Amino acid sequence: MNPKLVAVVKEVLDTENLLIWDSDFNIKAPRTKGFYSWHQDGTYSDHASADDVLTAWVALTPASVESGCMKFCPASHHSQLPHYESQDPNNVLSVGQTIPEENMKNLPNPVAAPLKPGQVS
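Computed from a predicted model, the values in this text were never measured in an experiment.

Here we come to the overall build of the protein chain. Within the protein chain one finds three helices and four strands. Helices (α) and strands (β) of the protein chain occur, in sequence order from the N terminus, as α-α-β-β-β-α-β. Against the 2.2 N^0.38 benchmark of 14 Å for 121 residues, the protein chain shows a C-alpha radius of gyration of 15 Å, consistent with a compact globule. Along the three orthogonal principal directions, the C-alpha set of the protein chain runs to about 40 × 30 × 25 Å.

In structure tokens:
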């Protein structure tokens with residue numbers, strides 16, 4: 001584990017005690033129809049409260065706006081939004097958890113977060 005990343009996570013969560021709940025690779029092959037639907041990781045991972053949980057996504061390859069980098073809706077982490085299970089076969093999320101369109105309309109415009117290899121969002 002990268003000591004700099006651990007230090008930042010401890011600071012953000014205001015704790016010295018950390019538990020890595022999950023570690024995985026999320027791969028979206030180029031030029032495929034695969035996509036990650038709008039979701040909140042708290043719902044996706046089944047954590048009831050997101051106050052003491054975070055996701056640190058480390059880019060292994062360039063994630064540009066053109067290639068479909070991660071996007072965030074500012075302030076959407078302040079409350080857990082409703083989700084439904086999408087049946088779209090191209091949704092890369094395991095159960096297709098998706099925030100309904102009517103809830104997305106109430107959020108600020110998404111902000112792109114392009115990353116270079118080794119950067120974290």
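Turning our eyes to something else, we now look at the side chain of S37. Looking at the element boundaries, S37 is found in the loop between α1 (3–13) and α2 (41–44). The exposure class assigned to S37 is buried, which follows from its relative accessible area of 7%. In terms of polar contacts, S37 uses its side chain to reach the side chain of N91, at 3.0 Å. Not counting residues up to four positions away in its chain, the partners in contact with S37 are N91, L93, G96, Q97 and T98.

Here we come to α1. Of the residues that open α1, the one with a side-chain oxygen 2.7 Å from the backbone nitrogen of K4 is N2. Remark: D14 follows α1 within two positions and exhibits a positive phi of approximately 55°.

So, about the pattern of salt bridges. By the definition in use, this model includes one salt bridge. Between E16 and K10 there is a salt bridge; the shortest N-O distance is 3.4 Å. Owing to a relative accessible area of 24%, K10 belongs among the partly exposed residues under this scheme.

Attention shifts here to the nonpolar core. One recurring pattern in soluble globular proteins: nonpolar side chains tend to sit buried together. Grouped together as the largest cluster of nonpolar side chains are five residues: C73, L81, I99, M104 and L107. Once residues lying within four places of it in the same chain are set aside, the contact partners of I99 are W38, H39, Q40, L81, P82, H83, Y84 and M104.

Right, let's get into the confidence of the model for the protein chain. In the predicted model, the protein chain carries a mean pLDDT of 87, and the fraction of residues at 70 or more is 93%. The least confident element of the protein chain is α2, whose mean pLDDT is 74; the most confident is strand β4 (residues 111–112), at 96.

Next up on the list: the side chain of T98. In this structure, T98 sits in strand β3 (residues 97–98). Of the residues examined, T98 reaches a relative accessible area of 8% and is grouped as buried. Not counting chain neighbours up to four residues away, the residues in contact with T98 comprise S37, W38, P82, H83, Y84, S86 and N91.

Turning our eyes to something else, we now look at unusual backbone geometry. In this structure, D14 is a non-glycine residue whose phi angle is positive, near 55°. With respect to the helices and strands, D14 occurs in the loop between α1 and α2. Non-glycine residue A75 carries a positive phi angle of around 70°. Along the chain, A75 turns up in the loop between β1 (71–72) and β2 (84–85).

Rules behind the numbers
- Residues numbered from 1 in each chain as written.
- Predicted model: local features only at pLDDT ≥ 70, side-chain atom pairs only at ≥ 80, totals over all residues.
- Heavy atoms only, no water.
- Helix = DSSP H or I, 4+ residues; strand = E, 2+ residues; numbered from the N terminus.
- Rg over C-alpha atoms; globule rule 2.2 N^0.38 Å.
- Buried < 20%, exposed > 50% of the residue type's maximum accessible area, 1.4 Å probe, protein only.
- Polar contact = N/O pair within 3.5 Å; in protein donor to acceptor, adjacent residues only side chain to side chain.
- Contact = heavy atoms within 4.5 Å.
- Salt bridge = Lys/Arg side-chain N within 4 Å of Asp/Glu carboxyl O.
- Core = buried A, V, L, I, M, F, W, Y, C linked by side-chain atoms within 4.5 Å.
- pLDDT = per-residue confidence, 0-100.

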